[in-house]
Every structure is written in structure tokens, then in C-alpha cells.
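Tertiary structure, described
As a plain string of letters, each chain reads:
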Amino acid sequence: MAEIELNVLTRQCLNRRIESLAKLQREVRAWENKRNKKPTPIHWLFTKEKARVKLVSLYPDLTR
């Protein structure tokens, strides 16, 4: 989840040159505040069931 948020931050806020550390901090703070006010849910496509099939050695079946 953190990697997803960092990617969104990069695309929405950091995709240009920012001339000072102070401005960078203000921009990131503003982006963060806006993002926190309207959170976006993550719809995971790789389910636990798919993980058990694909990564069988890492996710053993505990029901046996």
C-alpha cells in the first residue's frame, strides 16, 4: 500500500522540478492533506486463494 501511495504522490505532485526544500515540503503536505480527506480504496486483484495456488510453498494449506 505504501508503494502505491508513493507512486501516486510521484505522478500527482512530484512530476516536475521543485526549486526548494521548503516548497517541496509545502507541496507534499498539501497533497497529503487532500489525499487523507478523500481516501481511495485499493481493490486487490491478487487474492489469498490465488496466492495459495501461485505461491504454494510460501502459503501452505493449514486445513490439512
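Here the residue numbers are simple positions, counted from 1 along each chain's written sequence. Residue-level local features of this predicted model are given only where pLDDT is at least 70; pairs of side-chain atoms are given and counted only at 80 or more, and the full residue set underlies all totals for whole chains, interfaces and linings. The side-chain values count all of the structure's non-hydrogen atoms but skip hydrogen atoms and water molecules.

Here the focus is the pattern of salt bridges. By definition, a salt bridge exists where a carboxyl oxygen of Asp or Glu is found within 4 Å of a side-chain nitrogen of Lys or Arg. If you walk through the whole model with that rule in mind, you get three salt bridges. When the shortest N-O distance is used, the salt bridge between R35 and E5 registers 2.9 Å. On the criterion of sequence distance, the pair formed by R35 in helix α2 (residues 21-37) and E5 in helix α1 (residues 2-12) is long-range, its members being 30 residues apart. The cut-offs for exposure are 20% and 50% of the maximum accessible area for each residue type, with area from a 1.4 Å probe on protein chains only; residues under the lower value are buried, those over the upper are exposed, and the others partly exposed. We classify R35 as buried; its relative accessible area is 18%. One salt bridge in this structure joins K23 and E19, with 3.4 Å as the shortest N-O distance. Judged by relative accessible area, E19 falls into the exposed class, the value being 54%. For the purposes of this entry, the term helix denotes a DSSP run of H or I that reaches at least four residues, the term strand denotes a run of E that reaches at least two, and both are numbered from the N terminus.

This brings us to a nonpolar patch on the surface. Exposure above 30% relative accessible area and no salt bridge define the residues that can form patches, which grow by joining like charges within 9 Å and nonpolar side chains of Val, Leu, Ile, Met, Phe, Trp and Tyr within 5 Å. Accessible surface is estimated by sampling points in the Shrake-Rupley manner with a 1.4 Å probe; for residues, cover comes only from the protein chains shown. A surface patch of nonpolar side chains, about 370 Å² in accessible area, is lined by M1, I4 and W44. Within the secondary structure layout, W44 lies in the loop between α2 and α3 (48-54).

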